[in-house]
Amino acid sequence: MHQPSRLPRRTALAALLATVLPLAGVSFAAPAADAWPTRPIRLVVPFSAGGANDLMARSAAEGASKILGQPVVIDNRPGAGGTVGADIVAKAQPDGYTLLVSAAGVISNSMIKKTMPFKDDALVPVAMIGLAPSVIVVPKNAPYQNLRDFVEASKKGQGFNFATAGTGSTPHFVAEMLNVKYGAQLQPVPYKSGSESTTAVLGGQVEGTSEASIIALPHILNEGKFKALATTWTQRISAYPQLSTAVEQGFAELQIAHWAGIHAPKGTPPAILDKLAAAVDQAMKEPATVEKLKGLGIEPIGGTRAEFVKFTDAERKRLGEIVKAAKMQEK
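Residues numbered from 1 in each chain as written. Predicted model: local features only at pLDDT ≥ 70, side-chain atom pairs only at ≥ 80, totals over all residues. Heavy atoms only, no water.

Draft legend 1. Expanded view of the environment of N179. As for its position among the elements, N179 is in helix α6 (residues 170-182). Residue classification places N179 among the buried residues on the basis of a relative accessible area of 18%. Separated by 28 residues in the primary sequence, N179 and V151 place their C-alpha atoms 8.9 Å from one another. Among all residues touching N179, those that are not within four sequence positions of it are A184, Q185 and L186. (Helix = DSSP H or I, 4+ residues; strand = E, 2+ residues; numbered from the N terminus. Buried < 20%, exposed > 50% of the residue type's maximum accessible area, 1.4 Å probe, protein only. Contact = heavy atoms within 4.5 Å.)

Draft legend 2. Inspection of the packing of helix α4 (residues 105-112) against helix α11 (residues 305-326) at higher detail. Relative orientation of the contacting elements α4 and α11 amounts to 35 degrees, with a least axis distance of 9 Å. Judged by the twist between their axes, the crossing of α4 over α11 is right-handed. Each of V106, I107, M111 and I112 in α4 lies in contact with α11, whose residues at this interface are T312, E315, R316, L319, G320 and V323. Residues of the contact of α4 with α11, tallied by class, amount to 6 nonpolar, 2 polar and 2 charged. (Axes fitted to C-alpha atoms, helices over the stretch in contact; angles between N-to-C directions. Left-handed = near helix turned anticlockwise from the far one by under 90°. Nonpolar A, V, L, I, M, F, W, Y, C, P; charged D, E, K, R; others polar.)

Draft legend 3. Summary view of the packing of aromatic side chains. Applying the stated criterion across every chain, the model contains 9 aromatic pairs. Judged by centre distance (5.7 Å) and plane angle (50 degrees), the ring pair of Y144 and F160 falls under tilted. A residue pair is termed long-range when its members are at least 10 positions apart, and Y144 in the loop between β4 (123-139) and α5 (147-154) and F160 in strand β5 (residues 160-164) qualify at 16 residues. With relative accessibility at 14%, the residue Y144 sits in the buried group. With a centroid separation of 6.5 Å and an interplanar angle of 55 degrees, the aromatic rings of F150 and F162 are classed as tilted. In this pair, F150 is assigned in helix α5 and F162 in strand β5, connecting sequence segments 12 residues apart. Take F150 and F162: they sit in the same class, and that class is buried. Clustering of aromatic rings is evident, with ring pairs tying together Y144, F150, F160 and F162. (Phe/Tyr/Trp six-rings, centres within 6.5 Å; stacked < 30°, edge-to-face > 60°.)

Draft legend 4. Structural detail: the side chain of T268. By the element assignment, T268 lies in the loop between β9 (257-265) and α9 (270-284). Here P265 takes part through its backbone oxygen, which lies 2.7 Å from a polar atom of the side chain of T268. Other than its neighbours up to four places away in sequence, T268 contacts P94, D95, G96 and L273. (Polar contact = N/O pair within 3.5 Å; in protein donor to acceptor, adjacent residues only side chain to side chain.)

Draft legend 5. Broad picture of α11. In a regular helix each residue adds 1.5 Å, so 22 residues correspond to 32 Å; α11 covers 31 Å between its end C-alpha atoms and thus fits that length. Phi for K327, located one or two positions after α11, is positive at around 55 degrees. (Expected span 1.5 Å × (residues − 1).)

Draft legend 6. Examining empty space enclosed by the protein more closely. What the rule picks out here adds up to 2 cavities of 30 Å³ or more. Those elements giving two or more residues to the lining of the largest cavity turn out to be α3 (83-90), β3 (98-102) and α4. It is α4 that contributes the most residues to the lining of the largest cavity, 3 residues altogether. For the lining of the largest cavity, a count of residues per class yields 8 nonpolar, 6 polar and no charged. Quantified by volume, the second largest cavity comes out at close to 50 Å³. Forming the boundary of the second largest cavity are I41, L43, A60, A64, L68, V72, L99, I262, L276 and V280. When contributions to the lining of the second largest cavity are tallied by element, the ones reaching two or more residues are β1 (41-45), α2 (52-68) and α9. It is α2 that provides the largest number of residues to the lining of the second largest cavity, a total of 3 residues. Here the lining of the second largest cavity is built from residues that sort into 10 nonpolar, no polar and no charged. (1 Å grid on protein atoms, 1.4 Å probe; cavity = no way out; pocket = protein on both sides within 12 Å on 5 of 7 lines; lining within 4 Å. Points joined across faces, edges and corners; volume = space filled by probe spheres on them.)

As structure tokens, then:
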């Protein structure tokens, strides 16, 4: 007589659990987005307090907290060009309660550093907060009237020293973009921070630098110690519209800014990511927030998660080309 086939023990057990556990109210599904958040959210800022990244983070935290109905707490964890803070988030539980306020380093660090404590895909893009356009500056008494004058002058003699906030920083990329794309002769000189590099320009130790608008504008508008040659973003700065962009001056491929976004640990439920992105977008469109940030030289952005993914993908490709051409990798 034909005997009915028996299920393997593991298969039978799985079938039993699938039947019994739902009846018992047991579920292994990820937490639903409509239940999130039920407790405070931690935003890890991988830089010191007071800089462009930190200020944008605090504005986003304040706005998102009101929308989500839970406190959003800033946790400054500076070090290693943003890697220390990024590593904390990369290894956090993917539950939507520990998030990274990201910057360009989340894309470029792995291209430049010999070793990284986590893989690129350990962090996923969630939302753009805003950006502080970079401003190329020289001492007030410098003879250059625009970026073209500066670049052409750098090609003579020994070239110019150009202060940066360290390997892979936005000023470093500005210098190498000008070198690779336009034949400038700029020698990047690394300092520990943007404030140190601006001090080097004021003291005459270097010929120029680029710095976030929020740092550069007070030296330009209030103190008159810097001469601004160009902004390196695609649009003019709302707080300083008289300054033309590098694109307008003929440097079409010099496009970079000090941006801040939010990244989450890989595995965070997509519904939570979408809810968070929507909250940040709404916060960045709040009129009081827009007025405050633009007055500081910061452009609030917001947008959808898909838009931020597209932005980071494009930046990875674009910056990767500069890293290879300029041999920016650590030896």
